[in-house]
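Structural description and commentary
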Amino acid sequence: MKLICANFKMNLLKKDILNYLKTIENVRKKNLVFFPSIPYIEYFKEKNYVVGSQDISYKNFGSLTGDTSIEQLKELGASYTIIGHSERREFYNDSKYVNQKISLALKHDFKIVLCIGENLKEFESSKTLFVLKKEIDEAFSNNLDMINESNLIIAYEPIWAIGTNKIPTSEVLKSTIYQIKNYILENYNLDLKVLYGGSVNLENIEELEKISEIDGYLIGGASLSPEKFLTLINKVN
Ligand code: PEP
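This report concerns the structure included in the present document. (Residues numbered from 1 in each chain as written. Predicted model: local features only at pLDDT ≥ 70, side-chain atom pairs only at ≥ 80, totals over all residues. Heavy atoms only, no water.)

Comments concerning the pattern of salt bridges
Considering all chains together, one arrives at 12 salt bridges under this definition. Among the salt bridges present, the one from Lys101 reaches Asp94, with a minimum N-O distance of 2.8 Å. Across the pair, exposure class does not vary: Lys101 and Asp94 are buried alike. Between Lys235 and Glu206 there is a salt bridge, and its shortest N-O distance comes to 3.1 Å. Of the two residues, Lys235 is situated in the segment after helix 10 (226–233) and Glu206 in helix 9 (residues 205–208); the sequence distance between them amounts to 29 residues. In this structure Lys235 comes out as partly exposed when scored by relative accessible area, which is 33%. Several salt bridges converge on common partners, so that one network encompasses Asp55, Arg88, Asp94 and Lys101. (Salt bridge = Lys/Arg side-chain N within 4 Å of Asp/Glu carboxyl O. Buried < 20%, exposed > 50% of the residue type's maximum accessible area, 1.4 Å probe, protein only. Helix = DSSP H or I, 4+ residues; strand = E, 2+ residues; numbered from the N terminus.)

Description of the packing of aromatic side chains
The geometry of an aromatic ring pair is captured by the separation of the ring centres together with the interplanar angle, meaning the angle of the planes. Counted according to the given criterion, the structure contains 15 aromatic pairs. Between the aromatic rings of Phe34 and Tyr49, the centroid separation amounts to 5.4 Å while the plane-to-plane angle is 80 degrees, which identifies the pairing as edge-to-face. Of the two residues, Phe34 sits in strand 2 (residues 32–35) while Tyr49 sits in the loop between helix 2 (41–46) and strand 3 (50–53), which places them 15 residues apart along the sequence. The exposure classification of Phe34 matches that of Tyr49, with both residues buried. The interplanar angle of 85 degrees and the centroid separation of 6.4 Å between the aromatic rings of Phe35 and Tyr80 together place this pair among those described as edge-to-face. (Phe/Tyr/Trp six-rings, centres within 6.5 Å; stacked < 30°, edge-to-face > 60°.)

Topic: the site of the ligand
Not every one of the 14 residues close to the ligand is listed here, only the nearest: Lys9, His85, Gly163, Ser199 and Gly221. Gly163 has a polar backbone atom sitting 2.7 Å from an oxygen atom of the ligand. Compared with its free state, where it exposes 290 Å², the ligand has 95% of that area covered by protein. For the shell around the ligand, the class distribution of residues is 4 nonpolar, 7 polar and 3 charged. (Near = heavy atom within 4 Å. Polar contact = N/O pair within 3.5 Å; in protein donor to acceptor, adjacent residues only side chain to side chain. Areas by Shrake-Rupley, 256 points an atom, 1.4 Å probe, with all protein chains shown as cover. Nonpolar A, V, L, I, M, F, W, Y, C, P; charged D, E, K, R; others polar.)

Re the environment of Ile24
Looking at where Ile24 falls in the secondary structure, it is placed in the loop between helix 1 (14–23) and strand 2. Considered as a pair, Ile24 and Leu230 are 206 residues apart in the sequence and their alpha carbons are 7.0 Å apart. Each residue touching Ile24, except ones within four places of it in the same chain, is listed here: Phe34, Tyr49, Pro226 and Leu230. (Contact = heavy atoms within 4.5 Å.)

Focus: the nonpolar core
Counting residues in each nonpolar core, the largest one holds 60 residues, and the members touching the most others are Phe34, Leu114, Phe140, Ile154, Tyr196 and Phe229. Setting aside anything within four residues of it in sequence, one finds Phe140 in contact with Asn99, Leu114, Ile147, Leu152, Ile154, Ile184, Tyr188, Leu190 and Leu192. Core analysis: the second largest hydrophobic core is formed by 12 residues, Cys115, Ala155, Leu195 and Leu218 among them. (Core = buried A, V, L, I, M, F, W, Y, C linked by side-chain atoms within 4.5 Å.)

Nothing here speaks to function; it is all geometry.
This is the structure:
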């Protein structure tokens, strides 16, 4: 069964979350992880869903106004975290902290969804693999002895595909994910799962499902409507 991760980003209010939980009442709980905004983590936990945070602070505690500690997130019930989402890398200079955040998450037994991906310019100038390898190397240095197949999952998210309704061709996606897996296996001796993220929706899920290299999905916009999300989940093997 593939892993499905729903990233709500900074969307929805309490009433929407309560309605969401009601609508998805009978959905599978296995291999499904919700990443709501922090105030709603507990709501998902109370209903026995696996829940994660969209980010963590790079430090445990301290004078970091606005940050949330992984230990606080753990208290709310989070057991997963996304690290290195392109929006955090772009707006909060997060590439600088990815390595430290991974160490912290592993020390606290969180499972990590590590996002990597190239922007349009890099894609068009055939620099995709160069960028992905760099992001992997930066994330793995110092952390390798703690990373294993069950605590770190890669999410390949081409930045140009996020929220744009454009996705790579099946051929490109197949080859890129194969090369990500192969690079990690050859250089780090790890056989990691790779999710695809970027405009996954009801129109493209059937095509994506034909790509055997994809181990699951990180879904943003299409996870916001519980009805649509349920239909989407039912199309995933
Ligand atoms: C994301 O940003 O993680 C994502 C996958 O977004 P969307 O599905 O909206 O492209």
